[in-house]
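Structural description and commentary
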Number of protein chains: 2
Amino acid sequence: MEMETITEDQKVMTAKKIKKMFGHINPKDHPEYCPIKDVMALASDKWSILIIIYLGYYPVLRFNQLKKKVYGISNKVLSERLKLLEGDGYLNRKMYPEVPVRVEYQLTDFGHSYLEKLLELTEWVTTYSDMIMANRSRYSKQ
Amino acid sequence: MEMETITEDQKVMTAKKIKKMFGHINPKDHPEYCPIKDVMALASDKWSILIIIYLGYYPVLRFNQLKKKVYGISNKVLSERLKLLEGDGYLNRKMYPEVPVRVEYQLTDFGHSYLEKLLELTEWVTTYSDMIMANRSRYSKQ
DNA sequence: CGGCATCCGAGTAGATACTG
DNA sequence: CAGTATCTACTCGGATGCCG
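Small disclaimer: the values here were computed from a predicted structure and weren't measured.

1. A word on the relation of the copies chain A and chain B
There are two copies of the chain, and a rotation about an axis plus a shift along that axis relates them. Once turned by 180 degrees and shifted 0.0 Å along the axis, chain A lies on chain B with an RMSD of 0.1 Å. What the rotation and shift describe, once combined, is the action of a two-fold rotation axis. The position closest to the rotation axis in chain A is occupied by the C-alpha of Ser-44 of chain A, lying 2.8 Å away.

2. Here's the deal with the packing of helix α2 (residues 35-43) of chain A against helix α3 (residues 46-57) of chain B
Two elements in contact, α2 of chain A and α3 of chain B, have axes separated by 9 Å at closest approach and are oriented at 140 degrees. In terms of their interaxial angle, α2 of chain A and α3 of chain B are classed as oblique. The two elements α2 of chain A and α3 of chain B meet at a crossing, and its hand is right-handed. Residues Ile-36, Lys-37, Met-40 and Ala-41 of chain A of α2 of chain A lie in contact with α3 of chain B, whose contacting residues are Lys-46, Trp-47, Ile-49, Leu-50 and Ile-53 of chain B.

3. Observations concerning the sheet that holds strand β2 (residues 91-96) of chain B
Residues and elements named next belong to chain B. A sheet is described by the order of its strands in space; here three strands give the open sequence β1-β3-β2, paired in antiparallel fashion. Strands with a single pairing partner mark the edges of an open sheet, and in this sheet they are β1 (61-62) and β2. Strand direction decides the pairing type here: β1 and strand β3 (residues 102-107), joined by two bridges, are antiparallel. Of the residues in β3, the one forming a bridge with Leu-61 is Tyr-105. Taken strand by strand, α3 contacts β1, β2 and β3, and its axis lies near 90 degrees from that of β3.

Here is what the cut-offs are and how they apply
Residues numbered from 1 in each chain as written. Chains lettered and ligands numbered in written order. Predicted model: local features only at pLDDT ≥ 70, side-chain atom pairs only at ≥ 80, totals over all residues. Heavy atoms only, no water. Least-squares fit on C-alpha atoms with pLDDT ≥ 70 in both. Axes fitted to C-alpha atoms, helices over the stretch in contact; angles between N-to-C directions. Helix = DSSP H or I, 4+ residues; strand = E, 2+ residues; numbered from the N terminus. Parallel < 35°, antiparallel > 145°, perpendicular 65-115°, else oblique. Left-handed = near helix turned anticlockwise from the far one by under 90°. Contact = heavy atoms within 4.5 Å. Pairing = 2+ DSSP bridges.

On their own, these measurements won't tell you what the molecule is for.
What follows is the structure, encoded as structure tokens:
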């Protein structure tokens, strides 16, 4: 775990960023409303993340295509997440009233903008996931 | 939602990044093991995010100090998250056997490294949270 | 007093079957 | 095909109480 090199300068920079961000949300004024918590609860949900990533890779996907990609997700949860993600503006839903009906999902530009930031995180995570998982199982055996 | 400007070039770059990332995880070989899902489920949980951010701002925090900062979290959930986050290597727990006992939490360098990436995302989110929340309530009233 | 363990209710996930 | 309906199982979260 010691391969990361974080300087004191970086820590100071980080603290400044946080302070600026907190200036924007100000938890003292609206303790019950926290954008980070409320927005991220959906946007950084494990299923949402995979949906957004796959829609960033394949320009358009239909419901059952997505279901195959996002391994392990159920109809119900996929349907719910798609609705919520559409509601927050990350993706578009287009229905073609053919028989059988065709429904296509694709990221909005807003969703693409989010994905760019999100990928920074998931790239970091995939780089260190083996280490994290090893650490996790070691820790759980204490 | 149209204030984001995403070029086709950016979308191509994004797809390449994803492909590279997927090359690393390869869902066909291990469909049941997905680092993104498994690691992010903890790391991008709404409570975890706030805990990590506050520990990035205050170098050291005790249990009840954290509890006051992370508005709305219960003892149980805070205690669980701290244990899991320690297990994955994001933070350290130091106990001083005084009376009453004092327990201090602080980010590891690994945690700081994660926080740097995480902040990219939360800064984006706080910038657009008002828009997202407005969109959300409009959408839910249909 | 600070942190942790236990209990219990509510909400969420998953499996399956079914429909426009 | 793209979901919905239903049922069950379970996880999660909140309250409470305990212990060093």
